[in-house]
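Working through the structure, step by step
One letter stands for each residue in the lines below.
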Amino acid sequence: MTDPLAASRLTIDLDAIAENWRILRDQATHGQCAAVVKGNAYGLGAAPVAQALAAAGCRLFFVAHLAEGIALRAALGSTFEGAGIEIAVLNGVLPHQAAAFAAHDLIPVLNDAGQVAEWLAWCRSHGAARPAILHVDTGMNRLGLRPAEFDDLIEHGDVAEYPWRLVMTHLACADDRDHPMNQEQRQRFAAVRARLPAVPASLAASSGVFLGPDFHADLLRPGVALYGVNPAPWMANPMRQVVELSTQILQVRSIDRGEAVGYGATHRMERDGRIATLAYGYSDGYIRSGSGRGTLYLAGHALPIVGRISMDLITVDASAVPESLLHPGAWVEILGPHRSVDTMARDLGTIGYEVLNLLGQRAARTYRGAVAMGEEGAG
Ligand SMILES: *Cc1c(COP(=O)(O)O)cnc(C)c1O
């Protein structure tokens, strides 16, 4: 059961996540769609999210860290044994980690010549060419082989002939449809693919999917769109909303025109009115850059945030809300039908990715959906 005494509640709709995966898969030119569940599935819980996606038919998952991969393999293990589920680790294989990858049946994404050498040496000494992904950097300069490095490596027969599971690259500017980097990276990647014609290729994360079929290659690699964030800011959000977050009113007070609210007295009432104080703050992940910005909702009535966000408290102007609704313990929507993750991100001056990762650090979590594994604490 959800802790009935918790002051905030986070509901995660696993059916909506599975539906979002199907929407993305149905876009894929070649019908292949993986799922990125790094960072504990963008804060929403890697185990329940991956279980729901595996049940929906997803067979390849990406995490960032080796430890995340080991935990995910265990979480999927018994239920999906024999289903051929693959787990790839984006950060790749650091020295002396190859054995752990093999032991837990994980696929490294090899990001530089050192990682390639480490992996091939381990495979040679163990007599098995275990699956691995080659990541070529086409302009982002974050992770991946530089194109010249790739060209050098591919001159060696053992790299050219290795049975790579996938060759991939990552777009730096896909959320800006008209950015020239998109075409530049696509062209550089086409040259890479031409040197490994038999190897499946992956280019698009969430936003790349909506740049069109030229960007789909063989396999899509979405993360944030699965969780309901709009991957294509130039159009209406094609994804279903996944999270709802609410918190409780602690206290309501009437105050006079000219009175101040909160730390720093940054807000002054323009007329007599009412302030409601809510049980949520930056310690719950509502970062302080949201001070004085954005609107929460009580039964559909707008509650503009006024004054600074405190560690455990938010103050809202409740002057326009019927008094009968304003009582301690009443639930206020932070995210839900009236306010999307993207809207909250705009209010905080950040992106939906970060909002999801910050959510519900204290909130009681409920997973909703056909394959929900029940309910968990804030974990
Ligand atoms: C995080 C990540 C993704 C997923 O990105 P989204 O924008 O969340 O879809 C895909 N590929 C790589 C290499 C990543 O780091």
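Provided above is the structure to which this section pertains.
One numbering rule holds for all chains: residues counted from 1, following each sequence as written. Side-chain atom pairs in this predicted model are given and counted only at pLDDT of 80 or more, local residue features only at pLDDT of at least 70, and totals for whole chains, interfaces and linings cover all residues. The basis for every side-chain value is the complete set of non-hydrogen atoms in the structure, without hydrogens or water.

A closer look at the packing of aromatic side chains
Aromatic pairing here means that ring centres of Phe, Tyr or Trp (its six-membered ring) are within 6.5 Å. Orientation follows from the plane angle: under 30 degrees is stacked, over 60 is edge-to-face, and everything else is tilted. By the definition in use, this model includes six aromatic pairs. An angle of 80° between the planes, with centres 6.2 Å apart, marks the rings of Phe101 and Trp119 as edge-to-face. Residue Phe101 is found in helix H5 (residues 98–103), and its partner Trp119 is found in helix H6 (residues 113–126); the two are separated by 18 residues along the sequence. Trp119 shares its class with Phe101; the two are buried. Put simply, the rings of Tyr42, Tyr227 and Tyr353 pair up and form one aromatic cluster. Throughout this description, the term charge over a ring refers to an Arg CZ or Lys NZ atom that lies within 6 Å of the ring centre and within 35 degrees of the ring normal. Over the aromatic face of Phe215 sits the side chain of Arg186, whose NZ or CZ is 5.9 Å from the ring centroid. Numbering of helices and strands runs from the N terminus; a helix is a DSSP stretch of H or I covering at least four residues, while a strand is a stretch of E covering at least two. Under the scheme applied here, a residue whose accessible area is under 20% of the maximum for its type counts as buried, over 50% as exposed, and between as partly exposed, the area being computed with a 1.4 Å probe on protein chains only.

Brief notes about the packing of helix H3 (residues 46–56) against helix H4 (residues 66–80)
Where H3 contacts H4, the axes come no closer than 9 Å and their chain directions differ by 40°. With respect to H4, the element H3 is oriented oblique. You can see that H3 and H4 cross each other, and the crossing is right-handed. Across from Ala46, Ala47, Ala50, Gln51, Ala54 and Ala55 in H3, the residues of H4 making contact are Leu72, Ala75, Leu76 and Phe80. Throughout, the ten residues Ala, Val, Leu, Ile, Met, Phe, Trp, Tyr, Cys and Pro are labelled nonpolar, Asp, Glu, Lys and Arg are labelled charged, and all others, Gly among them, are labelled polar. Here the residues of the contact of H3 with H4 are counted per class, giving nine nonpolar, one polar and no charged. Structural elements are reduced to axes, namely lines fitted to C-alpha atoms, with helices fitted over the stretch in contact, and the angle between N-to-C directions of any two is expressed from 0 to 180 degrees. Just so you know how the angles are binned, under 35 degrees is roughly parallel, over 145 roughly antiparallel, 65 to 115 roughly perpendicular, and the rest oblique. We call a crossing left-handed when the near helix sits turned anticlockwise from the far one by less than a right angle, and right-handed when that turn is clockwise. It only takes one pair of heavy atoms within 4.5 Å for two residues to be counted as in contact.

As for the pattern of salt bridges
For salt bridges, the criterion is a side-chain nitrogen of Lys or Arg within 4 Å of an Asp or Glu carboxyl oxygen. Inspection of the entire model under this criterion finds 15 salt bridges. The residue Asp284 makes a salt bridge to Arg362 at a minimum N-O spacing of 3.2 Å. Remark: Arg362 occurs in the loop between helix H12 (352–358) and strand E17 (364–368) and Asp284 occurs in the loop between strand E12 (273–278) and strand E13 (295–298); sequence separation between them is 78 residues. Here Asp284 falls in the buried class, since its relative accessible area comes to 2%. Between Asp312 and Arg362 there is a salt bridge, with the nearest N and O atoms lying 2.8 Å from each other.

Some thoughts on the side chain of Asp13
Examined against the element boundaries, Asp13 turns out to sit in strand E1 (residues 8–13). Judged by relative accessible area, Asp13 falls into the buried class, the value being 10%. A polar contact of 3.0 Å, which involves the side chain of Asp13, links it to the backbone nitrogen of Asp15. Residues adjacent in sequence count toward polar contacts only when both atoms are side-chain atoms; beyond that, a polar contact is any pair of N or O atoms within 3.5 Å, and within protein one must be able to donate a hydrogen and the other to accept it.

Quick look at the layout of surface pockets
Only protein atoms enter the calculation, which uses a 1 Å grid: trapped sets of points that fit a 1.4 Å probe without letting it out are cavities, open sets showing protein on both sides within 12 Å along at least five of seven lines are pockets, and any residue with an atom within 4 Å of a point is a lining residue. Grid points are joined across faces, edges and corners, and a volume is the space filled by probe spheres set on the points. Considering only enclosed or pocket space, the largest pocket measures out at about 910 Å³ in volume. Every residue lining the largest pocket is counted, 42 residues in all, and those nearest its centre are His170, Ala205, Ser207, Val224 and Tyr353. Every element with two or more residues in the lining of the largest pocket is listed here: helix H2 (38–42), helix H10 (206–209), helix H11 (341–348) and H12. The residue inventory of the lining of the largest pocket, partitioned by class, reads 21 nonpolar, 15 polar and six charged. Lining the second largest pocket, in full, are Gln251, Arg253, Ile255, Ala260, Val261, Gly262, Ile275, Thr277, Arg308, Ser310, Leu313 and Thr315. Going through the elements one at a time, strand E9 (243–255), strand E10 (260–261) and E12 are the ones with two or more residues in the lining of the second largest pocket. The element contributing the most residues to the lining of the second largest pocket is E9, with three residues. Here the lining of the second largest pocket is composed, by residue class, of five nonpolar, five polar and two charged.

Here's the deal with the site of the ligand
Only heavy atoms are used to decide nearness, and a residue is near a molecule or strand if one of them lies within 4 Å of it. In the neighbourhood of the ligand, 14 residues make up the surrounding shell, with Lys38, Tyr42, Ser206, Gly223 and Tyr353 lying closest. Backbone polar atom of Gly223 to an oxygen atom of the ligand: 2.7 Å apart, as the coordinates give it. In this description, a molecule resides in a pocket or cavity if more than half of its atoms sit within 2 Å of the grid points defining it. Placement of the ligand is best described as lying within the largest pocket. Its residues assigned to classes, the shell around the ligand comprises eight nonpolar, three polar and three charged.

As for the environment of Arg271
With respect to the helices and strands, Arg271 occurs in the loop between strand E11 (267–268) and E12. A relative accessible area of 59% means that Arg271 is categorised as exposed. For the pair Arg271 and Leu24, spaced 247 residues apart in sequence, the C-alpha separation works out to 49 Å. If we skip the residues at most four places from it in the chain, Arg271 touches Asp256 and Arg257.

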